[in-house]
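Geometric and topological summary
Below, each chain spelled out in residue letters.
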Amino acid sequence: MTIVVGEVIAVSGIRISLRIFEDSSQETIFYDGVKYRGVSLREHISIQRGFIDIVCLVEGEYLDERKLDADVEKTLYVRKVDVRPIGYIVDDKFFEGVKFMPMIRDKASLLSEPMIGKIYGTEGKIKFSIGSMLKENVPINLPWTRIFNGHLGIFGNTGSGKSNTLAKLYTTLFNEKLEALKFKSQFVIIDFNGEYTEGQILPAKDKKITILDHKNSGDKFKIEATHFWDAETLSLLFQATTNTQQPFLRRVLSGKERFKDVPLERYIEKTFEKAFSASEPKPDALELGREIARILECEPLQDHLRGITYNAKSKYFRDAGDNYYNSDGTGFEAYLKPLLGKIDLNGMDQFTELILRCYLQLCSDVVLGYAQYEHIQPVLSRAKSSISGLRNVLEIVDVPPPPNLLHVISLKKCKNEIKKILPLLIAKNFYINHKDSENLKSPPTRTLHLIIDEAHNILSEQSKREHEIWKDYRLELFEEIIKEGRKYGVYLTLSSQRPADISPTIVSQIHNFFIHRLVNERDLMLLDNTISTLDSSSKALIPTLAKGCCVVTGTAFDLPMILKIDPLLKEHRPSSDDVNLEELWVHED
């Protein structure tokens, strides 16, 4: 049974005009226990063309007046609406796209709410619904396989409900598919504001929570030594210059690899021998030797080096006991070598080892004339400064820890410098481990999902707080993940309140979007330029969307739709609720 409400009076291209009958202006109609929505803006109309039902969306309405010949002074007003075809129904199944067009006098009828649910939702064994259509209030079953088999973008101004949408999506996924996901997929949340460190998405006992704090040594993120001892990573961590400092760091790492079977104590001894048995001693080598002694925390060595002086005129070293250090090595053998034998390297972590190796390499380079002290010293100062913060949040391991189904990494207690560095190391660590996995096949048998809340913090092109080389590398890594990660089963979910700040390359590769209220013109322009599936009527609604409402569009959806996301219970909601000032500022007598 169809409820006929009008007829086609004009067809121009894909623009169709309908004359609506006078008795068809009700907002809601119930017939035979089925609910139908009346004719108004953004409602759906079906036009019968033979055995085909052409589904159209109402985009405008107006009144047309007509004079009667019998009574010139009497005017008739005819309600007309403009509609746009969005698909067609054959055998009770909806197909997206314009294939058929109506003819004049074809009848237009209302669509039932169950049929609208079929148009926008999907039928499957698993019910995956996170909300209902805003106007029709029809729960929509989302195509979850296509949503999570691609990159996701959740955008919206602060307070628009994007955190609830992100949590609702993954809470629903784990509720429906928890057992099936185990040992097949890994989900990692990089949480800048500590919103997911309690019972959100999964109970705390079922997920791994790492709360990083640069001031206190508590939880630490375990990173593999091969990823830490990497020339590119260290160059960017310490903002090394291209021509002098980066080659120096490569010499440090190549020396470590070449002499990996030689004890570090032997390397220290040989470096001091080179510095204090040189035919032309260098005063910079003495300063570097003193710094090495401080790193080693060897008091006898420090005291002895403190008494050594350099004679610039005759170019020799002499200690407090008037002992000379000549090129024949007798001075070194007699007075320094016994002290070096007292060095204890037990308990030295790999961060201190890195700084020590850098100073040993610089000392050797200065003696041999490969480098100048003043050119390399700045990168060592930056290295010591960065290491002091990284030591409390990173733990370098030889074997990666076993994967967890859901791993939440909170950066709430980290300073901005650490927040810039860590997400890159974390993403690189997970991405490379997953890509190089021995069990990875084509197509992949396992997936990795990186979820980045407040993504503009690390994916911004506008940041002025960091070195240009570091910014380029950071963006290149995430651009590689979003462009090449899909073939390895690696997917990104980005949540941000400023999509215009994120690299356009990254935004253009996102497959599906949940767009909450955005009012900034640059943000709206970016969406307009990068999302081909967003129609003009949906785009016009974005600045006026209510809290919790969003435009859903992308490759997983045949048509853009406006969803009202169901709010999560308080205990499952991200820790980002608004302050209730009425309760906070209550005056107690």
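An account of the accompanying structure is given in this report. (Residues numbered from 1 in each chain as written. Predicted model: local features only at pLDDT ≥ 70, side-chain atom pairs only at ≥ 80, totals over all residues. Heavy atoms only, no water.)

Notes on the overall build of the protein chain
What the protein chain contains, in helices and strands, is 19 helices and 24 strands. Against the globule reference of 25 Å for 589 residues, the protein chain gives a C-alpha radius of gyration of 34 Å, more extended than a compact globule. Dimensions of the protein chain, computed from C-alpha atoms along their principal axes, come out at roughly 130 × 65 × 45 Å. Within the protein chain, the proportion of its 589 residues that are buried is 51%. Within the protein chain, counting contacts between residues at least 6 apart in sequence, those at least 24 apart form 70% of the total. About 28,500 Å² of surface is accessible on the protein chain, with carbon and sulfur atoms providing 49% of the total. For the protein chain, the distance from the average site of its 77 positive side-chain charges to the average site of its 83 negative ones is 2 Å. (Helix = DSSP H or I, 4+ residues; strand = E, 2+ residues; numbered from the N terminus. Rg over C-alpha atoms; globule rule 2.2 N^0.38 Å. Buried < 20%, exposed > 50% of the residue type's maximum accessible area, 1.4 Å probe, protein only. Contact = heavy atoms within 4.5 Å. Areas by Shrake-Rupley, 256 points an atom, 1.4 Å probe, with all protein chains shown as cover. Lys, Arg positive; Asp, Glu negative; His and termini not counted. Charge placed at Lys NZ, Arg CZ, Asp CG, Glu CD.)

Remarks on the packing of helix 8 (residues 283-296) against helix 11 (residues 350-368)
The geometry of helix 8 relative to helix 11 is characterised by a closest axis approach of 9 Å and an angle of 165° between their N-to-C directions. Taken together, the axes of helix 8 and helix 11 lie roughly antiparallel to each other. Here the hand of the crossing between helix 8 and helix 11 comes out left-handed. Facing D284, A285, L288, E291, I292, I295 and L296 of helix 8, the residues of helix 11 in contact are T352, I355, L356, Y359, L360, L362, C363, V366 and V367. For the contact of helix 8 with helix 11, the per-class residue count stands at 13 nonpolar, one polar and two charged. (Axes fitted to C-alpha atoms, helices over the stretch in contact; angles between N-to-C directions. Parallel < 35°, antiparallel > 145°, perpendicular 65-115°, else oblique. Left-handed = near helix turned anticlockwise from the far one by under 90°. Nonpolar A, V, L, I, M, F, W, Y, C, P; charged D, E, K, R; others polar.)

Details of the side chain of Q246
Note that Q246 resides in helix 6 (residues 245-258). We classify Q246 as buried; its relative accessible area is 12%.

A closer look at the nonpolar core
Counting residues in hydrophobic clusters, the biggest one holds 107 residues, and the most contacted among them are I268, F272 and F276. Each residue touching I268, except ones within four places of it in the same chain, is listed here: L296, L340, I343, L345, L356 and L360. Counting 45 residues, the second largest nonpolar core, distinct from the first, contains L57, I189, F514 and L568. (Core = buried A, V, L, I, M, F, W, Y, C linked by side-chain atoms within 4.5 Å.)

Focus on unusual backbone geometry
You will see that R42, though not glycine, has its phi angle at about 65°, which is positive. Tracing the sequence through the fold places R42 in the loop between strand 4 (34-37) and strand 5 (44-49).

Re the sheet that holds strand 17 (residues 324-325)
Across the sheet, which stays open at both edges, the three strands sit in the order 15-16-17 with antiparallel pairing between neighbours. Pairing within the sheet leaves two strands with one partner each, and these edge strands are strand 15 (309-311) and strand 17. As paired elements, strand 15 and strand 16 (residues 316-318) share three bridges and run antiparallel to each other. Across the sheet, the residue bridging to N311 is Y316, located in strand 16. (Pairing = 2+ DSSP bridges.)

Shape is all these values report; function is a separate question.
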